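# Reading the structure
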Amino acid sequence: MISFVGAGPGAPDLITLRGAQRLAGADVVIWASSLVPPAVLGHCRPGILIHDSATMTLEDVLAVYAGRDEETAIVRLHSGDPSLYGAIGEQLDWCLAHERSWEIVPGVSSMAAAAAALGRELTEPGVSQSVVVTRLSGRTSASMPDSEGVAAFAAHGATMAVFLSAARPDELLAALLGPGSGYDEHTPAAIVVRATWPDEQIVRTTVGALADGLRATGATMTVLVLVGASLAGGPVKRRSHLYEPSFTTSYRLRSTDGSTEGRPSAHRRR
């Protein structure tokens, strides 16, 4: 079995229970030392075979899979969650072509970890109910459609999480403030470097000062940029309707006049 495991954002206790179990039972682990802290490997048994994919090509990784039989427990440890920029598609193709069993174990994304570090909800009612996950087009994203670039999404003004783009701060700034953008120089932004790692950095800034803020961190890898009005400080502008006393759900009836106490619906009483 080949398990594609999300390592989470960095802290070894933010891997899922299933992910930790897969590491504990692994005979072979392939991990990226440039993206995953060594402490995450503390979930492994001593003496197992560990490969560092930081210096490996896809063919090198596939050769490890091919060199082991179906009974060998192999973990391919990806940073964050494998579904976001995990480059697992071609590995899954190999597993299918060679009739090898596999699974994907989700992980905590650095986007969730960054929001937690900032103490903000990314989907604040009345401010932003959408989160765009994107990146600048580059050497590893040459096939990105024009309609999916940072500049195209900026027009919506929604909360945006920009991955893999810290090495080009001026280009990122230009894309965020291009013609028709829903952001301006005063729109709140945040830079989170190595979320949940021991050397985590958090920079609260604005879109206008974003490029200078990125340069000041000195970081070009393991950096997430968050942009949008939901990052502003202060009380929320509108509370959620879901828990309003005057709001009815499948499980709760509208509160009686003069009361804020919840009343279970017939569905809830079953």
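Attention in this report is confined to the structure presented alongside it. (Residues numbered from 1 in each chain as written. Predicted model: local features only at pLDDT ≥ 70, side-chain atom pairs only at ≥ 80, totals over all residues. Heavy atoms only, no water.)

Of the two faces of strand E2 (residues 28-31), both are covered, the one formed by Val28 and Ile30 as well as the one formed by Val29 and Trp31. Relative to strand E4 (residues 74-78), E2 is paired through 4 bridges, and the arrangement is parallel. For Val28, the partnering residue across the bridge sits in E4 and is Ile74. (Buried < 20%, exposed > 50% of the residue type's maximum accessible area, 1.4 Å probe, protein only. Helix = DSSP H or I, 4+ residues; strand = E, 2+ residues; numbered from the N terminus. Pairing = 2+ DSSP bridges.)

Turning to the side chain of Gln91, a few remarks are in order. Tracing the sequence through the fold places Gln91 in helix H3 (residues 89-97). The class for Gln91 is buried, based on a relative accessible area of 3%. Only 3.1 Å separates the side chain of Gln91 from the backbone oxygen of Ala87, close enough to count as a polar contact. Not counting residues within four places of it along the chain, the set of residues in contact with Gln91 comprises Phe4, Leu58, Val61, Tyr65, Arg76 and His78. (Polar contact = N/O pair within 3.5 Å; in protein donor to acceptor, adjacent residues only side chain to side chain. Contact = heavy atoms within 4.5 Å.)

One open sheet accounts for 5 strands, arranged E6-E7-E10-E8-E9; its pairing is mixed. Since the sheet does not close on itself, it has two edges, and those belong to strand E6 (131-135) and strand E9 (201-206), each with one partner. Taken over all neighbouring pairs, the strand axes of this sheet differ in orientation by 20° on average, direction set aside. As paired elements, strand E7 (residues 159-163) and strand E10 (residues 223-227) share 3 bridges and run antiparallel to each other. (Axes fitted to C-alpha atoms, helices over the stretch in contact; angles between N-to-C directions.)

This brings us to the pattern of salt bridges. Taken as a whole and judged by the stated rule, the model has 8 salt bridges. Here Arg168 ties to Glu171 by a salt bridge, and the two come within 3.2 Å at their closest N and O atoms. Using a relative accessible area of 26% as the deciding quantity, one classes Arg168 as partly exposed. Salt bridges here are not isolated pairs; linked through shared partners, they connect Asp170, Asp212 and Arg215. (Salt bridge = Lys/Arg side-chain N within 4 Å of Asp/Glu carboxyl O.)

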